Amino acid sequence: MIYIALIVLLVGIELIYFKIADKYNIIDKPNSRSSHTSITLRGGGIIFPIAIIIAFGLGYASWALTLAVVLVAAVSFIDDIKPLSQMPRFASHIIAVGLVFQDLQLFAESLWLLPIVFVLLIGWVNAFNFMDGINGITVLYALTAIVSFSFLSINESSLPLLITMGLSCLVFGLFNVRKKAKTFAGDVGSISMAVFLGYFMTKTIIETGQLGYILFFSVYGIDAIITIVVRLKNKENIFQPHRSHLYQYMANEMGYSHIFVSSIYAGIQLLINGLVVYMVMKGELSYFFTMLTLLTLTLIYLWTRRLVLRKMIR
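Residues numbered from 1 in each chain as written. Predicted model: local features only at pLDDT ≥ 70, side-chain atom pairs only at ≥ 80, totals over all residues. Heavy atoms only, no water.

(A) Seen up close, the packing of helix α10 (residues 246–253) against helix α12 (residues 287–313). At their nearest, the axes of α10 and α12 sit 10 Å apart, and the two run at 30° to each other. By the angle between their axes, α10 is roughly parallel relative to α12. When you trace α10 past α12, the crossing you get is left-handed. Listed contacts from α12 to L246, Y249, M250 and E253 of α10 are Y301, T304, R305, V308, L309 and M312. When the residues that make up the contact of α10 with α12 are grouped by side-chain class, the tally is seven nonpolar, one polar and two charged. (Axes fitted to C-alpha atoms, helices over the stretch in contact; angles between N-to-C directions. Helix = DSSP H or I, 4+ residues; strand = E, 2+ residues; numbered from the N terminus. Parallel < 35°, antiparallel > 145°, perpendicular 65-115°, else oblique. Left-handed = near helix turned anticlockwise from the far one by under 90°. Contact = heavy atoms within 4.5 Å. Nonpolar A, V, L, I, M, F, W, Y, C, P; charged D, E, K, R; others polar.)

Following this line, the structure appears as structure tokens:
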């Protein structure tokens, strides 16, 4: 019953936000780099930090994780309304990662690990934000990750929190996973969700000692990294908006439905995560398997990207 009540509450909060966003003109206007063609309400992803606040109130989430998510959400929401400089945004990311370290007691671990984990988390947060470009892709990918983390016995105690965040994804999806979206996540949604997922990835790897769980983020990771490398090679500013991701080529240049492309990304990631869970159950999630899988996925991605670019030229 509590989860049904949560769904009703979250839907109500989202609808209230829509009225506020409409009144104060919090909208996303399409431009030459956009993947949409009509004015859409921005910031619907505010439901994600609201959900974790509710989870904290119910005793599901720690204060450190809640503060980390709410902090980046608040700064990102301001940025959605009136663009900020890089400094306050990056500072909020740094503090959020520090709070994640505090929650997971990483400051008591080997100090040499902290810079590595820090760089990976900051990179993940920005990569997840960069990938938020078409209807459905952020929420479907996030839901895939949340479901996958929920299947791991190591996260059994965190199941109520994962379910609560999963419900927030379902509610947001009602208004975003459409041919014509009612709302976009905005930075407030994508960055806050990235911090939440990054927390669970770090938690899962540290508590199990299995680096192979990084495969849970492999589809986004490979797309983001290769796109950055290509843009650097072309001497482009990687911090500027663009339409160079494979999913953008498929949706914008090839004309595939946004929901179709988003479903492909989420579906492939779900298959990979299912394989990872299966290998864990068999006790065969080795470093060799992880590297081989990453290499295979990278080659498949490069082949697909090349094929799509060839068709675009034709």
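Additional details are given in the paragraphs that follow.
(B) Spotlight on the pattern of salt bridges. Counted by the stated rule, this structure contains five salt bridges. Note that E236 and R231 form a salt bridge whose closest N and O atoms lie 2.8 Å from each other. Judged by relative accessible area, which is 31%, E236 ranks as partly exposed. For K282, the salt bridge goes to E284, with nearest N and O atoms at 3.9 Å. Overall, K282 belongs to the partly exposed group, its relative accessible area being 44%. By relative accessible area, which is 39% here, E284 ends up partly exposed. (Salt bridge = Lys/Arg side-chain N within 4 Å of Asp/Glu carboxyl O. Buried < 20%, exposed > 50% of the residue type's maximum accessible area, 1.4 Å probe, protein only.)

(C) Expanded view of the packing of α10 against helix α11 (residues 258–282). Axis separation between α10 and α11 bottoms out at 9 Å; the angle between their running directions is 155°. Considering their axes alone, α10 and α11 lie roughly antiparallel with respect to each other. For the pair α10 and α11, the sense of crossing is right-handed. Where α10 approaches α11, its residues L246, Y247, M250, A251 and N252 are matched on the opposing element by H258, V261, I264 and Y265. Residue composition of the contact of α10 with α11, grouped by class: seven nonpolar, two polar and no charged.

(D) Helix α5 (residues 113–130), seen in detail. A rise of 1.5 Å per residue sets the reference length of α5, with its 18 residues, at 26 Å; its end C-alpha atoms lie 26 Å apart and thus fit the reference within 8%. Buried positions along α5 lie against α4 (86–103), α6 (137–150), α8 (186–208) and α9 (218–233). (Expected span 1.5 Å × (residues − 1).)

(E) Region of the structure containing the packing of aromatic side chains. Enumeration over the complete set of coordinates arrives at 18 aromatic pairs. Relative to F107, the ring of F101 has its centre 5.8 Å away and its plane inclined at 80°; by these criteria the two rings are edge-to-face. With relative accessibility at 5%, the residue F101 sits in the buried group. Accessibility expressed as a relative area gives 45% for F107, which makes it partly exposed. Arranged with centres 5.4 Å apart and planes meeting at 50°, the rings of F128 and Y220 form a pair that is tilted. (Phe/Tyr/Trp six-rings, centres within 6.5 Å; stacked < 30°, edge-to-face > 60°.)

(F) Structural detail: the environment of V8. By the secondary structure assignment, V8 is in helix α1 (residues 2–23). Take V8: its relative accessible area is 58%, and that puts it in the exposed class. Between the C-alpha atoms of V8 and V171, which are 163 residues apart in sequence, the distance is 9.0 Å.

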